[in-house]
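Residues per chain, in single letters:
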Amino acid sequence: MFKPLNKTLNFSILMLFTLLPLLAGLGYAIAYSFGLVGVLNKGFTLENWKILFSTSEVYISVLYTSWLAFASLSICIFISLAVVLAFPKKFKSGIFSYLVYMPLAFPSIVAAFFFFQFLSNAGILARLCHQLGIINQISDFPNLVNDSYHIGIISTQTFLSLPFFILLYASLYQAEKLEDYQKLAYALGASKKQTIFKISIPILLKRSLPSIIIYFIFKLGSYEVPLLLGKSSPETISVLAVRKLQKFNLLDIPQGYAIAVIYAFLVLLLLFIAFKKSKHQYEV
Amino acid sequence: MFLEVKNISKKFKSQQVLKEICFDVDAHQTLSVLGKSGCGKSTLLKIIAGIETADGGMVNLQGQNVLALPAQERKIVYLFQEALLFPNMNVFENIAFGLKIRNTEKHIIKTKVKDMLSQLELDGFDKKMPHELSGGQKQRVAFGRALILNPPLILLDEPFSSLDVETRSNMQQLYKKIAKEYQITALFVTHDLKEALLMGDKICYMENGVLEVYKDKQSFIRSEKTGVQNEINFWNNL
Amino acid sequence: MKYSIKYFILLMLALVFTLPIAILFLLSFSQKWVFPKLLPEKLTLENWTVILGDGHVISNSFVISLSIALFVAGSATILGFVLSRYIAYHPKRRLLTFLTYFPFALSPVIFAICLKYYFIKLGLIGNLYGIVLAQLIIALPYSIIFFLSFWNQKVLDYQNLVYTLGGKQKQAFLYITLPLAKSFLVICFFQCFLISWFEYGLTSIIGYGKISTLTIHVFQFINEANIFYAALSCCLLILPPVILLWFNKRFIIQQKG
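Everything numeric in this text was worked out from a predicted model, so none of it was measured. What you see as residue numbers is a count from 1 along each chain, following the sequence as written. For naming, the first written chain is A and the first written ligand is 1, with later ones following in the order written. Predicted model: local features are reported for residues with pLDDT of at least 70 only, side-chain atom pairs are reported and counted for 80 or more only, and whole-chain, interface and lining totals are derived from all residues. Excluded from the side-chain calculation are hydrogens and water; included are all heavy atoms of the structure.

Explain the overall build of chain B to me, using residue names and the numbers behind them.
The helix count covers DSSP runs of H or I at least four residues long, the strand count covers runs of E at least two residues long, and both are numbered beginning at the N terminus. Counting its regular elements, chain B contains 9 helices and 10 strands. We compute the radius of gyration from the C-alpha atoms alone; for a globule the expected value is 2.2 Å times N to the 0.38, where N is the number of residues. Taking 18 Å as the expected radius of gyration for a compact globule of 238 residues, we find that chain B reaches 18 Å, a close match to that expectation. Considering only C-alpha atoms, chain B reaches an extent of 55 × 50 × 30 Å along its principal axes. In chain B, which comprises 238 residues, the share counted as buried stands at 49%. Here, residues are in contact when the closest pair of their heavy atoms is within 4.5 Å. When contacts within chain B are restricted to residue pairs at least 6 apart in sequence, those whose partners lie at least 24 apart make up 67%. Throughout this description, buried means an accessible area under 20% of the type-specific maximum (1.4 Å probe, protein chains only), exposed means over 50%, and partly exposed covers the range between.

Have a look at this one:
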């Protein structure tokens, strides 16, 4: 530990814990999806992939998952930008600098449970509406969880990512000396609106792009929230893949692996873009 | 000869950073190395200090070839451009560091550090933390940390380049004074013409990995490439 | 007028941040809550006393989760610290960083289904060893990436400085590198602790229903529609991170999923 460990040893441990599981896992999934391994394997076949692509299930799942990630991140970024630009110093010290961290204490599964209790037909919001005389019975309240508009999932995801983006923008606001740029823009005769839309927001968005992509990748893989708050169809990629693999229909298993492979390549592609976009070494 | 450097070469990938560098330094003398940034001066110092390897050549210190020795055993102290005071230690602990790791007795450390502090005009600063010091003070502590070990050779890599003009000239005077008192042998790297002339007993000029040693200050001043003539013409034509 | 809108927005934000915790705690102390009552009809300590009583599954799984998380966090932090140094000063730093990001970015649950076969072969399904190893595989890349920002040129310069002052590698490490890295180590430890503490999908697949961590119990209670016990286990899950937050908000900075 004192000496920098032997290079070969370092390299081996690194590979053992990162690349090996990755290659082994992905390799197995690929082999399974092409019928090379598994209980029902009959040698190389494209059959599983053909079946998978013959129905719209997997396309819809990818689009649906991307849409959820995109929608929740957009709302989250919108709120974070608005809040940080309106209160640039609120999150550096004082009570809000603590409060903003609260959602980070929530595992996804707890956040999903809370939003279920809050938004469901018999939930707190529905009770509140009842007390205020807006609704008369449970069925009057719109479906906000397991719903067709995915309001439950999107709210939960937004709640979970909000602190990250608020803190990110609050620190970028200082690191990028945004206040100086704003003053400069005013001095050059820009209006408040022009300064916000032409200076502040573009700078913040540009600097946070790699983080946004990484977060988008995290959201693509989220499991607990759509599992608890989603409808049975469409399903997100991870929920779909796990269902195909955990169920008793053996014929579904190769398709489950094929979905995992598609997902992994999607992540690889996005990660590659995130790395291209970050000029300096990307740090968390 | 106290320090002899022979045919030191270094390549980074395809770039030849140092080409067959040769020079020597007498005991208790300071040799200034003048050169623009990126000319290879820092690499040369790092090789002599043992924190960078050379592709070939020899470094003889007091008759012993030190290139094969690890940095710890060369007894050569390298002073970085930044003071690099250990942020977790106060001034006293920073200066005492080299003695402490040699398991020197506590009361000896105490007297030595106290002496050093007053030499450096830092009396009363012993309990201060690095972040409470000015740039010049930090550099003085870094000096003290090196000098207290009585190293046969000190390598200074642009130690004053981040200081303002006034502090810089104070530090130059202080260095001259201490170098004399402690009979220091040193290599002083700088990109500042005046500083090179002021600090060195002898001067050499480095460009694109090639080092030219001038036998005295006069020949350095007369040389075309060192830029001294340009400077003289500028002031004369004013 | 303008100020009152600003205050309203801030109030809403404060509610968004605090209400969920308050409501979960309220539910954990409740027993009867029929629609359309806004507040539960019965508040009691009973849920807590029953569940935290001796030998109850929840108090057991709290201990199991805690042990797993502490072990995973400890190993991931130490290994990550060493391995990130190797990557940081490697000529192919960018490529190795990219390779480390890939397992970090993958969904743990999908990672788990792809690795399940090997875990079965190695006899690591349904036991603690398997869960620890699987969680380490997702926590370690995080730890490595986290420490990459620590190993910069300056740390290298500090070490070299110690060497030229005559210090040995052990001394450079103990007196300089370790103190410099202290806050990084502490933060990374808590981050990895939370990755393990929060983990559900991967644990449910590798644990195969045989190892009940707290998150697994939350899910069971939700499925059984036992909202009061579910809320109580949720509170137990939130408690450690909230306590950490109390000590130092920097301990909690990143969350996946």
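Explain the arrangement of the chains to me, and be specific about the residues and the numbers.
Looking at the 2 pairs of chains with contacts, the pair that accumulates the most is chains A and C. Of all C-alpha pairs spanning chain A and chain B, none lies closer than 14 Å, and the two are not in contact.

Describe the environment of G25 of chain A, with residues and values.
Mapped onto the elements, G25 of chain A comes out in helix α1 (residues 7–33). Considered as a pair, G25 of chain A and A260 of chain A are 235 residues apart in the sequence and their alpha carbons are 9.9 Å apart. Setting aside residues no more than four positions away along its own chain, G25 of chain A makes contact with L20 of chain A together with C114, L115 and Y118 of chain C.

Break down the interface of chain C and chain A for me, citing the residues and quoting the values.
At the interface, 88 residues of chain C touch 96 residues of chain A. Defined in terms of a 1.4 Å probe, buried area is the accessible area two parts forfeit on being brought together, summed over both. For the pair chain C and chain A, the summed buried area comes to about 8700 Å², and 78% of that belongs to carbon and sulfur atoms. Considering only the surface of chain C that becomes buried against chain A, F17, F35 and R94 of chain C emerge as the three largest contributors, covering 9% of it. What counts as a salt bridge is simple: a side-chain nitrogen of Lys or Arg found within 4 Å of a carboxyl oxygen of Asp or Glu. At the surface where chain C touches chain A, the tally comes to 0 salt bridges. Contacts described as polar in this section are N or O atom pairs within 3.5 Å, which, within protein, must combine one atom able to donate a hydrogen with one able to accept it, while residues neighboring in sequence count only if both atoms come from side chains. Our count for the contact surface shared by chain C and chain A stands at 10 residue pairs in polar contact (both at pLDDT 80 or more). Broken down by element, the side of chain C that touches chain A gets its largest block of residues, 14 residues, from helix α1 (residues 2–28) of chain C.

Tell me what's going on with the environment of A54 of chain B, and back it up with residues and numbers.
Residue and element names in this part refer to chain B. In this fold, A54 is placed in the loop between α1 (41–49) and β4 (56–61). Its relative accessible area of 24% is what places A54 among the partly exposed residues. C-alpha of A54 to C-alpha of L67: the two residues are 13 residues apart in sequence and 8.1 Å apart in space. Ignoring sequence-local partners within four residues, the contact set of A54 consists of I8, S9, K10, I47 and L67.

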